[in-house]
Amino acid sequence: MVEINKNAEEKIVVKNLKKNFGKAEVLKDISTTVHKGEVLCIIGPSGSGKSTFLRCINRLEDITAGQMIVDGVDITDTKININKIRENIGMVFQHFNLFPHMTVLENITLAPVELKKMTKDEAKVRAHELLERVGLKEFADRYPSQLSGGQKQRVAIARALAMNPDIMLFDEPTSALDPEMVGEVLNVMKDLAQQGMTMVVVTHEMGFAREVGTRLIFMDGGYIVEEGDPREVINNPKEPRTINFLNQVL
Amino acid sequence: MNIISFLGNVQKFVPRFLAAFRITIELAVISLIFATIVGIIVGLINTSKSKNIIMRFLRILCNVYINIIRGTPMLVQILIIYYGIPQFLGFRWVDLGGMFPASVVVLTLNAGAYMAEIVRAGIEAVDPGQIEASRSLGLSYGKTMRRIVLPQALRTMLPSIINQFIISIKDTSLMSTIGLAELTNVAKTINANWSSATLALYCYLACYYLIICLSLAQLSKFVERKMSYGRD
């Protein structure tokens, strides 16, 4: 197996990625590179393939063709141990997906303890640190059902960070939240970006993309239609499809 | 006056009823333990998405089994297993311990098929997002099943499992047709010799089933209340 290179300058390299669901071609030809510390935001209409693309990065979706190289390892190779790669990639979902039968603390300590990255006590200390970082240090012993949407999503971020990943994927992290809770989640993500985390964010939050994003990709119909500096793309889109989409959402 | 004569004589056959009750309970408990094991194994095979050729074959086999059991009456299953199969394969149930082991086999196979469907439905009812979240953290399929899916599936399955226990306990009465000395069979025998209080006698018989099944139904309600996480 190829060695995982955590210090790779090119964290994610995508070459001619294709993804089909049966006969439907969802991703037709995607190529891009995400460098260390970059905050790549992906926008686009629903059905454009942006979530599918994100899910290909940790192979939650099997890749039909092309290459996906994460930390120097081509994850389309079926011989690699995908679980090892995933330990290094945190993921945050639209619907939080917290484990309802575990407390907040157990949600966060599960993976590091189960995968023998930390002892139980180390994981607990780390979990309390992370909860403090996302502003929820009083909530360790609650169950997910006792939290608001914004709190759940912040716990989900803490859970993903518990494995000390160096890439974080966000799949529309604020789309299922009440408007007044969007800010608290975006603030946590902003902190994370400022600390140099490599992030790929599928989002509808143009404000976040403009302020925090270092690069923006507009996807439509399974292709990258336009890509560049977020302020530049949002303020002066070149492609008609981008202009059309931005007119609808802004 | 039948009831009064029944109540006057009831202590005469209480020991026979208690002995039969014990057989009924033993049959139900042993069969349901085996059925639960069968159900979990078959249910796990049916929910695995492995493309491995052996797993595919096993899945087909398990589906055939479940469909045969669900599509035929239990009485017919008893006739096939107690009379049909021994004749075809050339053995006698008497040599294997008689009617009791035969009854265990029938009840295990019958309840096992329903249990497998309960297990499958329980696993499939777990939100796929739960599996994705666990896998995205780097946990393997096995660890995800053990730590995330099965604990949640068990909670939705428990009421259905207890319901299946209730159904199977009532089904033990069908073993009277092959002569197993369980509750219903003993009541029929007593009635044949003492037919003046048939209604009272059979109502007395029904009480035995009622007591077990109603207590299990209570347990099911209790379990359902205890099921919700952190919503007390």
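Just so we're clear, the structure is a prediction, and the values are computed from it rather than from any experiment. (Residues numbered from 1 in each chain as written. Chains lettered and ligands numbered in written order. Predicted model: local features only at pLDDT ≥ 70, side-chain atom pairs only at ≥ 80, totals over all residues. Heavy atoms only, no water.)

(A) Molecular detail of the side chain of aspartate 166 of chain A. All names here are of chain A. Looking at the secondary structure, you find aspartate 166 in the loop between helix H5 (149-161) and strand S7 (167-171). Here aspartate 166 falls in the buried class, since its relative accessible area comes to 16%. Of note is the side chain of aspartate 166, whose polar atom sits 2.7 Å from the side chain of lysine 11. Leaving out residues up to four positions away in the same chain, aspartate 166 has contacts with Lys6, Lys11, Asp71, Asn88, Met197 and Thr198. (Helix = DSSP H or I, 4+ residues; strand = E, 2+ residues; numbered from the N terminus. Buried < 20%, exposed > 50% of the residue type's maximum accessible area, 1.4 Å probe, protein only. Polar contact = N/O pair within 3.5 Å; in protein donor to acceptor, adjacent residues only side chain to side chain. Contact = heavy atoms within 4.5 Å.)

(B) Seen up close, the nonpolar core. All names here are of chain A. Counting 49 residues, the largest nonpolar core has Ile157, Met168, Phe170, Met189 and Met199 as its most contacted members. The greatest single-element share of this core, amounting to eight residues, is contributed by helix H6 (residues 179-194). With sequence-adjacent residues up to four places away left out, phenylalanine 170 is seen in contact with Leu54, Val92, Ile157, Met189, Leu192, Met199, Val200, Val201 and Val202. In terms of nonpolar packing, the next biggest core, distinct from the first, is built from 40 residues, Ile12, Val14, Ile89 and Leu115 among them. (Core = buried A, V, L, I, M, F, W, Y, C linked by side-chain atoms within 4.5 Å.)

(C) Local environment of the interface of chain B and chain A. Each partner contributes to the interface: chain B provides 22 residues, whereas chain A provides 25 residues. Summed over both partners, the interface of chain B with chain A buries about 2,100 Å², with 58% contributed by carbon and sulfur atoms. The residue arginine 55 of chain A makes a salt bridge to glutamate 132 of chain B at a minimum N-O spacing of 2.7 Å. Inspection of the region where chain B meets chain A yields seven residue pairs in polar contact (both at pLDDT 80 or more). Taken together, the elements giving at least two residues each to the side of chain B that touches chain A come down to helix H5 (128-136) and helix H6 (141-171) of chain B. (Buried area = accessible area lost by both parts, 1.4 Å probe. Salt bridge = Lys/Arg side-chain N within 4 Å of Asp/Glu carboxyl O.)

(D) Quick peek at the environment of leucine 115 of chain A. As for its placement among the helices and strands, leucine 115 of chain A is situated in the loop between helix H3 (104-114) and helix H4 (120-133). By relative accessible area, which is 16% here, leucine 115 of chain A ends up buried. Separated by 99 residues in sequence, leucine 115 of chain A and asparagine 16 of chain A place their C-alpha atoms 33 Å apart. If we skip the residues at most four places from it in the chain, leucine 115 of chain A touches Glu87 and Met163 of chain A together with Leu137, Gly138 and Leu139 of chain B.

(E) Broad picture of the pattern of salt bridges. The full count for this structure, using the stated rule, is 23 salt bridges over all chains. With its nearest N and O atoms 2.9 Å apart, the salt bridge here joins glutamate 61 of chain A to arginine 55 of chain A. We classify glutamate 61 of chain A as buried; its relative accessible area is 13%. In this structure arginine 55 of chain A comes out as buried when scored by relative accessible area, which is 13%. Each member of the salt-bridge network shares a partner with another, and the members are Arg70, Glu117, Arg120 and Glu124 of chain B.

(F) Just the environment of lysine 238 of chain A, in detail. All names here are of chain A. Within the secondary structure, lysine 238 sits in the loop between helix H8 (230-235) and helix H9 (240-249). Look at lysine 238 and you get exposed, because its relative accessible area is 60%. Spatially, the C-alpha atom of lysine 238 lies 35 Å from that of phenylalanine 96, the residues being 142 residues apart in sequence. Leave out the neighbours within four places in its chain, and lysine 238 touches Glu226, Glu232 and Ile243. Of note is the side chain of lysine 238, whose polar atom sits 3.4 Å from the backbone oxygen of asparagine 236.

(G) Representation of the packing of aromatic side chains in the model. This structure, assessed with the given rule, holds nine aromatic pairs over all chains. On the numbers, 5.5 Å between centres and 75° between planes, the contact of phenylalanine 91 of chain B with tryptophan 93 of chain B is edge-to-face. Taken together, Phe13, Phe17, Phe21, Tyr204 and Tyr208 of chain B form an aromatic cluster joined through their ring pairs. A cation over an aromatic ring shows up here: lysine 19 of chain A above the ring of phenylalanine 21 of chain A, its NZ or CZ 4.7 Å from the ring centre. (Phe/Tyr/Trp six-rings, centres within 6.5 Å; stacked < 30°, edge-to-face > 60°. Lys NZ or Arg CZ within 6 Å of the ring centre and 35° of its normal.)

(H) Highlighting the pairing of strand S9 (residues 215-220) of chain A. Residues and elements named next belong to chain A. Among the six residues in S9, six count as buried, and that is most of the element. Residues Arg215, Ile217 and Met219 line one face of S9 and the alternating positions Leu216, Phe218 and Asp220 line the opposite face, and both faces are buried. Inspection of the sheet shows strand S3 (residues 39-43) paired to S9 by four bridges, in the parallel sense. Residue isoleucine 42 lies in a different strand from S9, and its bridge partner there is isoleucine 217. Joining the antiparallel neighbours S9 and strand S10 (residues 223-228) is a turn of two residues, in which glycine 221 adopts a positive phi near 60°. (Pairing = 2+ DSSP bridges.)

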